[in-house]
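# Summary of the model geometry
Listed here are the chains, written in short residue letters.
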Amino acid sequence: MWFLCVFYHRLLDYRRPEVESLAELFGAFGDDSAAITNRSLQWELPENHHPDSPFHFVSLPSEEIAANIARRSLLVKGIYELWGQGINYEELEAKIKEFPDERKSPYLAEDSTFRITVDSFGKVLSLKEQNERIHMLEYIPFKGRVNLRKPDHKFWLMETDEYDLNNGLPPVAQRTIFFGREVGAADRKLLPTYQLKSRTYIGPTAMDAEIAFLMANQALARPGKLVYDPFVGTGSILIAAAHFGAMTMGADIDIRVVRDGRGPDCNVWSNFKQYGLPMPISLLRADNNLPPWRPGLEEVLDAIICDPPYGVRAGGRKSGGRKLLKGAVEPYTVPDDKRTDHIPSTAPYSLAECMHDLLDLAAQKLVMGGRLVFFYPVVREEGLTEGQFPTHECFTMIASCEQILSYRYSRYLLTMVKTARYTDEFAELASKKHLQFKENHAKWLEESTLHSAVFSPVEGTNGKGIDRDLKPKYRGKYV
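A few points on the structure. (Residues numbered from 1 in each chain as written. Predicted model: local features only at pLDDT ≥ 70, side-chain atom pairs only at ≥ 80, totals over all residues. Heavy atoms only, no water.)

### Let's talk about the sheet that holds strand E5 (residues 113-121)
The sheet built from 8 strands is open, its strands ordered E2-E3-E1-E4-E8-E7-E5-E6 with mixed pairing. Here the strands that pair on one side only, and so sit at the sheet edges, are strand E2 (43-44) and strand E6 (145-146). Taken together, the 2 bridges between E5 and E6 define a ladder with parallel strand orientation. Paired with Phe-114 across the strands is Val-146, a residue of E6. Those strands touched by helix H2 (residues 63-72) are strand E1 (2-7), strand E4 (76-86) and strand E8 (177-185), and its axis lies near 85° from that of E8. (Pairing = 2+ DSSP bridges. Helix = DSSP H or I, 4+ residues; strand = E, 2+ residues; numbered from the N terminus. Contact = heavy atoms within 4.5 Å. Axes fitted to C-alpha atoms, helices over the stretch in contact; angles between N-to-C directions.)

Below is the structure:
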């Protein structure tokens, strides 16, 4: 079945991958586990529409799946059964009349209520203009009563403007008008409920609520699944996973964050309590470089979601301290009377090393088909090919979504699926790839160099500025 999928005009790279993940979550591809990485939906664009347009056609198996996707998605505004479209209202009328009566009549019955909403993209319609457009639909034989608050059926009339009238929006070469029945719509109360400004305990790297929920969707978080964040911080990502019913578990190298917070009523646990969410199974003081898992413990996690430290807001740290790692001092044992308040020494932890440890951890602990979802930073003026992303023999990448943070750098949300079991042979191949990856990215992946690339003066050593037109620029803070 083909539906009209209307997106919000933000985070453009994330839109289709999120719908694809939710389609997987709600069973759009059936129970066949074969070729799990090749599963994808059929998409089409309306005629004369740019790929960045909010209007897309998508094929889904049923209305139920379409409604479930729309209700859970962060970036889908609504999914609609399209009754007609045209470049003007005369053509729209002809298309609506051509739409099969047997598919229209159940929603036009006398014992039902309905509402028509007029929306537009690229311009604002006054209330008078909206009413005029509703009256132009008098040829549709509605027999039920109008109910603006809780109608049985919701209909939408959506209009785009011409290309030459757009201002900072994806180009549309021709005016298009859509009319359809709403199958499902987004939950607009979700983000205001979880916004950071009202959260009890946050830190300088706390993940934005919308991005955290997108990551949880990419990881297929749902009841009965165990989600782990090895860089948990103040728990923003785990809160999103817990909202969708997943069991959660986290770790952080800073014991003051996971144990103390800012007091008994302002810590990671209080964030979960604030929203009435199930508490994490455990929060560990643990080092991603020296994971605490017992030997032989494999394939226990359904998803790993994280935002690794990459040295812009906060640098990565690992256990040991500079003197210990250099061999200047011998390893020591903390006396029993000082263990309660002891804060272990740490040393800088490069992003290249962090990526290797993260992929190795995920390869060992994720179940087959489990997902690894994490952010990866990119210096934009250097250009990027997919081969520059970290890889592992046990994983297949299914999505890479760019979020532009500044003219200097951006970050990609990478989604990987475990497609092969961890073996000693794969571990050896991963170590070799890590060395090659580290050498190829030594310019900025190592300690402090990414930070320098981001915050150094705009003019480079060759006297030329950055190419700021790497991607189309649109209106909106989060586009």
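Now, onward.
### Here's the deal with empty space enclosed by the protein
Tallying each qualifying case throughout the model produces 1 cavity of 30 Å³ or more. Size it by volume and the largest cavity reaches roughly 40 Å³. Lining of the largest cavity is provided by Tyr-228, Pro-230, Ala-251, Ala-286, Asp-287, Asn-288, Pro-291, Pro-292 and Leu-361. (1 Å grid on protein atoms, 1.4 Å probe; cavity = no way out; pocket = protein on both sides within 12 Å on 5 of 7 lines; lining within 4 Å. Points joined across faces, edges and corners; volume = space filled by probe spheres on them.)

### Some details on the packing of aromatic side chains
A complete count under the given rule lists 16 aromatic pairs for this structure. Ring geometry for Tyr-194 against Tyr-275: centres 4.4 Å apart, planes inclined by 35°, an arrangement best described as tilted. Linking Tyr-194 in helix H6 (residues 190-194) with Tyr-275 in the loop between helix H10 (268-274) and strand E11 (282-285), this pair joins segments that are 81 residues apart in sequence. Across the pair, Tyr-275 and Tyr-194 agree in class, each one buried. Here the aromatic rings of Phe-213 and Phe-244 are separated by 5.6 Å at their centres, their planes lie at 80°, and the arrangement is edge-to-face. Here the residue Phe-213 occupies a position in helix H7 (residues 209-218), and Phe-244 occupies one in the loop between helix H8 (236-243) and strand E10 (247-252), the gap between them amounting to 31 residues. (Phe/Tyr/Trp six-rings, centres within 6.5 Å; stacked < 30°, edge-to-face > 60°. Buried < 20%, exposed > 50% of the residue type's maximum accessible area, 1.4 Å probe, protein only.)

### Points about the nonpolar core
Core analysis: the biggest nonpolar cluster contains 99 residues, and Ile-79, Met-215, Ile-304, Leu-372 and Phe-374 have the highest contact counts within it. Of all the elements, helix H12 (residues 351-365) adds the most residues to this core, at 8 residues. Contact partners of Ile-79, with chain neighbours within four places excluded, come to Phe-3, Leu-4, Cys-5, Leu-60, Ala-66, Ile-69, Ala-70, Arg-181, Glu-182, Val-183 and Gly-184. One finds Ile-96, Leu-108, Phe-155 and Leu-157 within the second-largest nonpolar core, a separate group that totals 18 residues. (Core = buried A, V, L, I, M, F, W, Y, C linked by side-chain atoms within 4.5 Å.)

### A look at the sheet that holds strand E16 (residues 395-404)
Strand-to-strand pairing in sheets goes through backbone hydrogen bonds, with the strands running parallel or antiparallel. Spatially, 7 strands are ordered E11-E10-E9-E12-E15-E17-E16 in an open sheet, and the strand pairing comes out mixed. Of all strands in the sheet, those with a lone pairing partner are E11 and E16, marking the two edges. The mean inter-strand angle of the sheet, taken between neighbouring strand axes irrespective of direction, is 15°. Note: strand E12 (residues 301-306) against strand E15 (residues 366-379), 5 bridges, orientation parallel. Each residue of the ladder has a partner; that of Ile-305, found in E15, is Val-373. Helix-sheet contacts for H12 involve strand E9 (226-229), E12, E15, E16 and strand E17 (409-418), and the interaxial angle to E15 is about 165°.

### Here we look at the pairing of E17
Most of E17 sits inside the fold, with 10 of its 10 residues counted as buried. Burial along E17 is two-sided: Tyr-409, Arg-411, Leu-413, Thr-415 and Val-417 and Ser-410, Tyr-412, Leu-414, Met-416 and Lys-418, pointing in opposite directions, are all buried. Where E15 meets E17, 9 bridges bridge the pair, whose relative direction is antiparallel. Among the inter-strand pairings, Pro-377 is bridged to a residue of E17, identified as Arg-411. Pairing of E16 with E17, which is carried by 9 bridges, proceeds in the antiparallel orientation. From the neighbouring strand, Phe-395 faces E17, where its bridge partner is Lys-418. Connecting the antiparallel pair E16 and E17 is a turn made up of 4 residues.

### Looking at the environment of Leu-148
Summarising the element assignment, Leu-148 is placed in the loop between E6 and strand E7 (153-160). The exposed category is assigned to Leu-148, whose relative accessible area is 62%.

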